[in-house]
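What the coordinates show
As a plain string of letters, each chain reads:
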Amino acid sequence: LFLKMAKTATKPTKKAAKTITVEDKLKALYQLQCVDSDIDNIRVVRGELPLEIQDLEDDISGLNTRIDKFNEELTTLDGDLSALKIKKKDAKELIKKYDKQISNIKNNREYESLSKEIEFQTLEIELCEKKQKEVKAKTILKDEVVKGTKDTLKDRKTELKIKNGELDEITKETEKIGRAHV
């Protein structure tokens, strides 16, 4: 654009006389300075907007990755919870089995052994229940974190949409200014 204006300012046109007057040269220089000032203003207005947009896009990408990671952790916690339920069920079945065996005991040593096994399985059930509570608490916490992260993601996407709109508007204005000076 600058080169085109500079060439047209220095080239004599068919309408103009063979020599360009100082006044014409000054007018052309003034127009060139106006265009240059407009471009500088556009750069100032645009300013950090492209960098802000890139930062928002990076932030959105990071939030999506974080949400995916949390969802994987939630899936793992669900698997852990299922495994604990199965382990608890197995311990209850063993207690029933040992209770039946106690009725057929022949000596004190067998009785003590089965009693210890029943006690161990009871402790195993209590441990499973404690771990289940911990897993449920972790799951609730992760769900809250995921919800918060999704809210943040939604806000960032809205902000990105606004910034992209602003940049598009500035770009359109730039094109109009460029066409007006040509």
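In the block above lies the structure referred to throughout.
Residues numbered from 1 in each chain as written. Predicted model: local features only at pLDDT ≥ 70, side-chain atom pairs only at ≥ 80, totals over all residues. Heavy atoms only, no water.

The number of helices and strands found in the protein is four helices and zero strands. Sequence-ordered secondary structure for the protein, helices as α and strands as β, is α-α-α-α. Expressed as a percentage of its 182 residues, the buried residues of the protein come to 19%. Taking the contacts inside the protein whose residues are at least 6 apart along the sequence as the reference set, 83% of them involve residues at least 24 apart. Counting only carbon and sulfur atoms, one obtains 54% of the accessible surface of the protein, whose full area is about 14,100 Å². (Helix = DSSP H or I, 4+ residues; strand = E, 2+ residues; numbered from the N terminus. Buried < 20%, exposed > 50% of the residue type's maximum accessible area, 1.4 Å probe, protein only. Contact = heavy atoms within 4.5 Å. Areas by Shrake-Rupley, 256 points an atom, 1.4 Å probe, with all protein chains shown as cover.)

Once that is clear, we can look at the side chain of lysine 88. With respect to the element layout, lysine 88 can be found in helix α3 (residues 49-102). The class for lysine 88 is buried, based on a relative accessible area of 17%.

You can see lysine 89 is positioned in helix α3. Between the C-alpha atom of lysine 89 and that of isoleucine 125, which follows or precedes it by 36 residues, the distance is 8.3 Å.

Scanning all chains against the criterion turns up seven salt bridges. We note a salt bridge from lysine 27 to glutamate 23, for which the minimum N-O separation is 3.2 Å. In this pair, lysine 27 and glutamate 23 both sit in helix α2 (residues 22-46), four residues apart, roughly one turn of the helix. Since its relative accessible area comes to 48%, lysine 27 is described here as partly exposed. Residues lysine 163 and glutamate 52 are paired through a salt bridge, measuring 2.6 Å at the closest nitrogen-oxygen approach. In this pair, lysine 163 sits in helix α4 (residues 108-181) while glutamate 52 sits in helix α3, placing the two residues 111 residues apart along the sequence. In this structure lysine 163 comes out as buried when scored by relative accessible area, which is 17%. (Salt bridge = Lys/Arg side-chain N within 4 Å of Asp/Glu carboxyl O.)

A contiguous nonpolar patch, built from Val22, Leu26 and Leu29 and spanning about 300 Å² of accessible area, is present on the exposed surface. Structurally, valine 22 is set in helix α2. Owing to a relative accessible area of 60%, valine 22 belongs among the exposed residues under this scheme. (Patch = residues over 30% accessible without salt bridge, like charges linked within 9 Å, V, L, I, M, F, W, Y side chains within 5 Å.)

What follows concerns the nonpolar core. Counting 11 residues, the largest nonpolar core is built from Ile42, Leu49, Ile53, Leu56, Ile60, Leu63, Ile67, Leu153, Leu160, Leu167 and Ile170. Counting residues in hydrophobic clusters, the runner-up holds six residues, among them Ala91, Tyr98, Leu114 and Ile118. (Core = buried A, V, L, I, M, F, W, Y, C linked by side-chain atoms within 4.5 Å.)

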